[in-house]
Amino acid sequence: MATERTFSILKPDATKRNITGAVNAVIEKAGLRIVGQRRIQMSKAQAEKFYEVHNARPFFGELVEFMTSGPVVVQVLEGENAIAKYREVMGATNPAQAAEGTIRKTFSESVGENTVHGSDSAENAKIEIAQFFQDSDIAD
Ligand code: ADP
Ligand code: MG
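Nothing here was measured: the structure is a model prediction, and the numbers come from that model.

Peer 1: In this structure, what is going on with the overall build of the protein? I would like to understand it.
Peer 2: Across its full length, the protein holds seven helices and four strands. For the protein, the succession of helices and strands along the chain, N to C, is β-α-α-β-α-α-β-α-α-β-α. At 14 Å, the protein has a C-alpha radius of gyration in line with the 14 Å of a compact globule built from 140 residues. The principal-axis extent of the C-alpha atoms belonging to the protein is close to 35 × 35 × 25 Å. Across the 140 residues in the protein, those meeting the buried criterion constitute 44%. In the protein, of all internal contacts separated by at least 6 residues, the share reaching a separation of at least 24 is 78%. Here the protein has roughly 7600 Å² of accessible surface; of this, 48% comes from carbon and sulfur atoms.

Structural data, given as structure tokens:
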């Protein structure tokens with residue numbers, strides 16, 4: 001296994017409920033290191049671009065609306081097998097189906113407002129990190 005980087009977002013339901021520190025504690029306890037982090041207000045254009053792959057899905061409008069409804073925390077996480085590891089730590093997309101101890105099981109209230117995003121492949125991790133971070137904003 002190699003050291004990898006993945007892209008994470010703490011979504012508006014997390015900033016709204018002031019639980020970003022609690023989520024970060026789960027991330028760090030899982031052995032992932034937060035090597036880049038910034039709190040931003042995503043624009044509609046940024047959200048549409050980020051979730052472009054879902055633009056034909058019925059929930060796309062709702063998703064963009066939600067992701068721009070308040071601040072988010074964009075992050076770069078680093079660790080062994082970070083991409084798959086973080087997907088595991090996040091839990092299933094629908095919190096009702098997420099395993100005990102996962103972020104979504106612990107904190108999320110619905111399939112839409114599900115607290116966190118994590119890249120699903122090495123290729124997407126690279127693209128997603130590049131959308132929000134410059135190399136000089138990441139330090140390990
Ligand atoms: P994941 O974030 O687990 O990779 P997807 O890539 O399938 O999940 O979906 C992207 C995001 O779109 C989800 O995290 C969630 O916020 C939203 N979403 C997915 N499915 C639904 C749905 N059925 N209704 C509303 N929002 C959804
Ligand atoms: Mg996805």
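Peer 1: In this structure, what is going on with the packing of aromatic side chains? I would like to understand it.
Peer 2: To describe a pair of aromatic rings, one takes the distance between the centres and the angle between the planes. Taken as a whole, this structure holds five aromatic pairs when the rule is applied. Ring geometry for Phe7 against Phe132: centres 5.4 Å apart, planes inclined by 5°, an arrangement best described as stacked. Here Phe7 is found in strand S1 (residues 3-10), whereas its partner Phe132 is found in helix H7 (residues 122-132), with 125 residues between them in sequence. Comparing Phe7 with Phe132 shows no difference in burial state: the two are buried. On the basis of an interplanar angle of 80° and a centroid distance of 4.9 Å, the ring pair of Phe50 and Tyr51 is categorised as edge-to-face. Since its relative accessible area comes to 6%, Tyr51 is described here as buried.

Peer 1: Explain the layout of surface pockets here, please?
Peer 2: To find leftover empty space, a probe the size of one water molecule is rolled over the atoms. Within this model, the largest pocket holds a volume of roughly 740 Å³. Lining the largest pocket are 29 residues, and of these Tyr51, Val53, His54, Leu63 and His117 sit closest to its centre. Elements represented by at least two residues in the lining of the largest pocket include exactly helix H3 (44-50), helix H4 (60-67), helix H5 (82-90), strand S4 (116-118) and H7. Ranked by the residues each element gives to the lining of the largest pocket, the list is headed by H7, at four residues. Partitioned by chemical class, the residues of the lining of the largest pocket number nine nonpolar, ten polar and ten charged.

Peer 1: Help me understand the site of ligand 1 in this model?
Peer 2: What surrounds ligand 1 is the set Lys11, Tyr51, His54, Phe59, Glu62, Leu63, Arg87, Thr93, Arg104, Val111, Gly112 and Asn114. Within the side chain of Arg104, an N or O atom sits 3.1 Å from an oxygen atom of ligand 1. Within the backbone of Gly112, a nitrogen or oxygen atom sits 2.8 Å from an oxygen atom of ligand 1. Relative to its free-state accessible area of 530 Å², ligand 1 is covered by the protein chains to the extent of 79%. Assessed atom by atom at 2 Å from the grid points, ligand 1 resides in the largest pocket.

Peer 1: Honestly, H4 in this entry has me stumped. Any pointers?
Peer 2: Since the α-helix advances by 3.6 residues per turn, residues separated by three or four positions end up pointing in the same direction. Residues Phe60, Leu63, Val64, Phe66 and Met67 constitute the buried set of H4. Taken down its axis, H4 places every buried residue within 160° of arc, on the same side. Across H4 from its buried face, at more than 90 degrees, point the exposed residues Glu62 and Glu65. Buried residues belonging to H4 abut S1, helix H1 (12-16), H3 and strand S3 (72-80).

The rules behind each value
Residues numbered from 1 in each chain as written. Chains lettered and ligands numbered in written order. Predicted model: local features only at pLDDT ≥ 70, side-chain atom pairs only at ≥ 80, totals over all residues. Heavy atoms only, no water. Helix = DSSP H or I, 4+ residues; strand = E, 2+ residues; numbered from the N terminus. Rg over C-alpha atoms; globule rule 2.2 N^0.38 Å. Buried < 20%, exposed > 50% of the residue type's maximum accessible area, 1.4 Å probe, protein only. Contact = heavy atoms within 4.5 Å. Areas by Shrake-Rupley, 256 points an atom, 1.4 Å probe, with all protein chains shown as cover. Phe/Tyr/Trp six-rings, centres within 6.5 Å; stacked < 30°, edge-to-face > 60°. 1 Å grid on protein atoms, 1.4 Å probe; cavity = no way out; pocket = protein on both sides within 12 Å on 5 of 7 lines; lining within 4 Å. Points joined across faces, edges and corners; volume = space filled by probe spheres on them. Nonpolar A, V, L, I, M, F, W, Y, C, P; charged D, E, K, R; others polar. Near = heavy atom within 4 Å. Polar contact = N/O pair within 3.5 Å; in protein donor to acceptor, adjacent residues only side chain to side chain. Sits in = over half its atoms within 2 Å of the grid points. Arc of directions from axis to C-beta.

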